[in-house]
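# Structural overview
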Amino acid sequence: QQPVQSPQAVILREGEDAVINCSSSKALYSVHWYRQKHGEAPVFLMILLKGGEQKGHEKISASFNEKKQQSSLYLTASQLSYSGTYFCGINWPGGSEKLVFGKGTKLTVNP
Amino acid sequence: EAGVTQSPTHLIKTRGQQATLRCSPISGHTSVYWYQQALGLGLQFLLWYDEGEERNRGNFPPRFSGRQFPNYSSELNVNALELEDSALYLCASSLYYQGRGNQPQHFGDGTRLSIL
């Protein structure tokens, strides 16, 4: 039931774009996105809810495809500060507030 | 506004001992979540408390337990420690509005538990 994130790792140059995908084997209720830098706590980026409501971070966007049971996180014109490991956490209808996280995508942005 | 605070920062124990980890949520947050982050395994859900009650539990043995106090702070207890319990234990808090969708979870810096 753990969501599958892809890619596992990506290396960018500053200013390039990246897409991180999060796929579920079950119908989704919501998807949460977090970024964790090495040695730090995960930081909330965005929530996407079934039905299309979106909350989140001003410089990073995301989509939620209910039919494909998938969410994608879009990082455009990446900055050095975007480096870190990105996790998606999902829950299902009737699944309560419990989040199941993917294994993460490690993003490295180089100058 | 103070964030989620966890103590201690590091904890070193030996096999068979018991460990107690503590978490203070953001003021106004009633829900507290515990996660285990072992190397290469991502965030594994342990427990969720709200209003003093255990609301959900992850796939961990019963020697992982906890409680939430009237001031919404929480502690995680791990009994009969095993080597594979070595990990970073993260606490998160959130608001909780039943039936109104999920709320962001705000994480503390974690407790690094090492079992020798």
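Look up: the structure comes first, before these words.
Scope of this entry: the structure provided in the associated data block. Per-chain numbering applies: the sequence of each chain, read as written, is numbered from 1 onward. The order in which chains are written sets their letters, starting at A; the order in which ligands are written sets their numbers, starting at 1. Per-residue local features of the predicted model are confined to residues with pLDDT of at least 70, and side-chain atom pairs are confined, for both listing and counting, to 80 or more; whole-chain, interface and lining totals are unaffected and use all residues. Heavy atoms throughout the structure, all of them, feed into the side-chain values; hydrogens and water do not.

## Focus on the state of the cysteines
- Two cysteine sulfur atoms form a disulfide, by the criterion used here, when they sit within 2.5 Å. Taken as a whole and judged by the stated rule, the model has 2 disulfides over all chains.
- Note that A:Cys22 is cross-linked by a disulfide to A:Cys88, the S-S spacing being 2.0 Å. Where A:Cys22 bonds to A:Cys88 through sulfur, the torsion about that S-S bond is close to 75 degrees, and the disulfide is right-handed. Placement of A:Cys22 in strand β3 (residues 18-23) and of A:Cys88 in strand β9 (residues 84-91) is noted, with a sequence separation of 66 residues between them.
- A relative accessible area of 1% places A:Cys22 in the buried class.
- Taking the relative accessible area as the measure of exposure, A:Cys88 reaches 0% and is therefore buried.
- Sulfur-sulfur distance for the disulfide between B:Cys23 and B:Cys91 comes to 1.8 Å. Here the S-S torsion is close to -60 degrees, and the disulfide linking B:Cys23 with B:Cys91 is therefore left-handed. Taken together, the residues span a long stretch of sequence, with B:Cys23 in strand β3 (residues 19-24) and B:Cys91 in strand β9 (residues 87-94) at a distance of 68 residues. For the residue pair B:Cys23 and B:Cys91, the accessibility class agrees, reading buried in each case. Secondary structure elements are taken from DSSP: a helix is a run of H or I of four residues or more, a strand is a run of E of two residues or more, and numbering for both begins at the N terminus. The cut-offs for exposure are 20% and 50% of the maximum accessible area for each residue type, with area from a 1.4 Å probe on protein chains only; residues under the lower value are buried, those over the upper are exposed, and the others partly exposed.

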